[in-house]
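Examination of the molecular architecture
Take a look at the letters that make up each chain.
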Amino acid sequence: MHKVPRRNIIIFSVAAIVAGILGYYLWQYGKYVTPAKIGDITPDIKAVTVTGQSFELKNLQGDPVFLNFFTPWCPPCIQETPDLIAFAKQYGKRIHVVLIDRGDDSVLVRNYVSKYHIPSEMTVLLSSTDHWSPPYGVTGQPETFLISSNGRIVKHIIGPLTEAQMVQYAKEAGMKNP
């Protein structure tokens, strides 16, 4: 009878454990390799607003959502801000307008909210680690997702929008006329 050396058993065991750990992390990473696309259920976002409130995107299900990824320092985001404000003031009761920061310090985001007089019709979320961009496939800013009342992505737009475009896309997402 041939005896397997103890050293080979140890090497095989360690290799199996390392392979298992690597497989687990690849499986976890794989959840975000394929970002959500049009027609998919939106990945839930759990964050804190600039006012310190807890927020979960899934709690808005039943109403359409205008979800905008931004940074307070980017010129196209700043260019889009007056249109976002006008859109939110006019249509904020018919569609949830949610802005999510892409990894900036909370002081910088709060200064943006203050400087541009962001109205209460807009929910501004903090995300200092930019944790939510990968599940959505966000690569720049601003990027906007229109989400239907059943929680599905209807449209993904890269770049700044005008108020007229926001209204058009919001209607495509199911925003009702008054």
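Residues numbered from 1 in each chain as written. Predicted model: local features only at pLDDT ≥ 70, side-chain atom pairs only at ≥ 80, totals over all residues. Heavy atoms only, no water.

**A few points about a nonpolar patch on the surface**
A cluster of nonpolar residues, I10, V14 and V18, forms a patch on the protein surface that exposes about 260 Å² of accessible area. Here I10 shows up in helix α1 (residues 6–33). (Patch = residues over 30% accessible without salt bridge, like charges linked within 9 Å, V, L, I, M, F, W, Y side chains within 5 Å. Areas by Shrake-Rupley, 256 points an atom, 1.4 Å probe, with all protein chains shown as cover. Salt bridge = Lys/Arg side-chain N within 4 Å of Asp/Glu carboxyl O. Helix = DSSP H or I, 4+ residues; strand = E, 2+ residues; numbered from the N terminus.)

**Brief notes about the pairing of strand β1 (residues 46–49)**
In this structure, β1 lies alongside strand β2 (residues 54–56), joined through three bridges in antiparallel fashion. Note that in β2 the partner of K46 across the bridge is E56. Hairpin connection, β1 to β2: the antiparallel pair is bridged by four residues, and G52 has positive phi, about 90°. One ladder, built from two bridges, connects β1 with strand β5 (residues 122–126); its direction is antiparallel. Counterpart to V48 in the pairing with β5 is L126. (Pairing = 2+ DSSP bridges.)

**Overview of the domain arrangement of the protein**
Taken domain by domain, the protein consists of domain 1 (1–31) and domain 2 (40–173). Centre-to-centre separation of domain 1 and domain 2, based on C-alpha positions: 44 Å. (Domains from an automatic or database assignment.)

**Observations concerning the pairing of strand β4 (residues 96–101)**
Here β4 lies mainly inside the structure; five of its six residues are buried. Here six bridges tie strand β3 (residues 65–70) to β4, and the two strands are oriented parallel to one another. In the strand pairing of β4, F69 is matched with I100. Each parallel crossover has a hand, and the one from β3 via helix α2 (residues 75–91) to β4 is right-handed. One ladder, built from four bridges, connects β4 with β5; its direction is parallel. (Buried < 20%, exposed > 50% of the residue type's maximum accessible area, 1.4 Å probe, protein only. Right-handed = clockwise from strand over helix to strand, strands pointing away.)

**Considerations on the nonpolar core**
The biggest cluster of nonpolar side chains holds 29 residues, and the ones touching the most others in it are F66, F87 and I95. The set of elements that each furnish at least two residues to this core consists of β3, α2, β4, α3 (106–115), β5 and α5 (163–172). No other element matches α2, which puts six residues into this core. Not counting chain neighbours up to four residues away, the residues in contact with F66 comprise L84, F87, I95, H96, V97, V98, T144, F145, L146, L161 and M166. (Core = buried A, V, L, I, M, F, W, Y, C linked by side-chain atoms within 4.5 Å. Contact = heavy atoms within 4.5 Å.)

**Quick word on the environment of S114**
By the element assignment, S114 lies in helix α3. By relative accessible area, which is 49% here, S114 ends up partly exposed. Spatially, the C-alpha atom of S114 lies 27 Å from that of Y169, the residues being 55 residues apart in sequence.

**Comments concerning the sheet that holds β4**
Backbone-to-backbone hydrogen bonds join strands into a sheet, with any given pair of strands oriented parallel or antiparallel. Spatially, seven strands are ordered β2-β1-β5-β4-β3-β6-β7 in an open sheet, and the strand pairing comes out mixed. Each edge of the open sheet is held by one strand with a lone partner, namely β2 and β7 (153–158). Across the sheet, the mean angle from the axis of one strand to that of its neighbour is 30°, orientation sign disregarded. Together, β3, β6 (143–147) and β7 form the strand contacts of α5, whose direction differs from that of β7 by roughly 155°. (Axes fitted to C-alpha atoms, helices over the stretch in contact; angles between N-to-C directions.)

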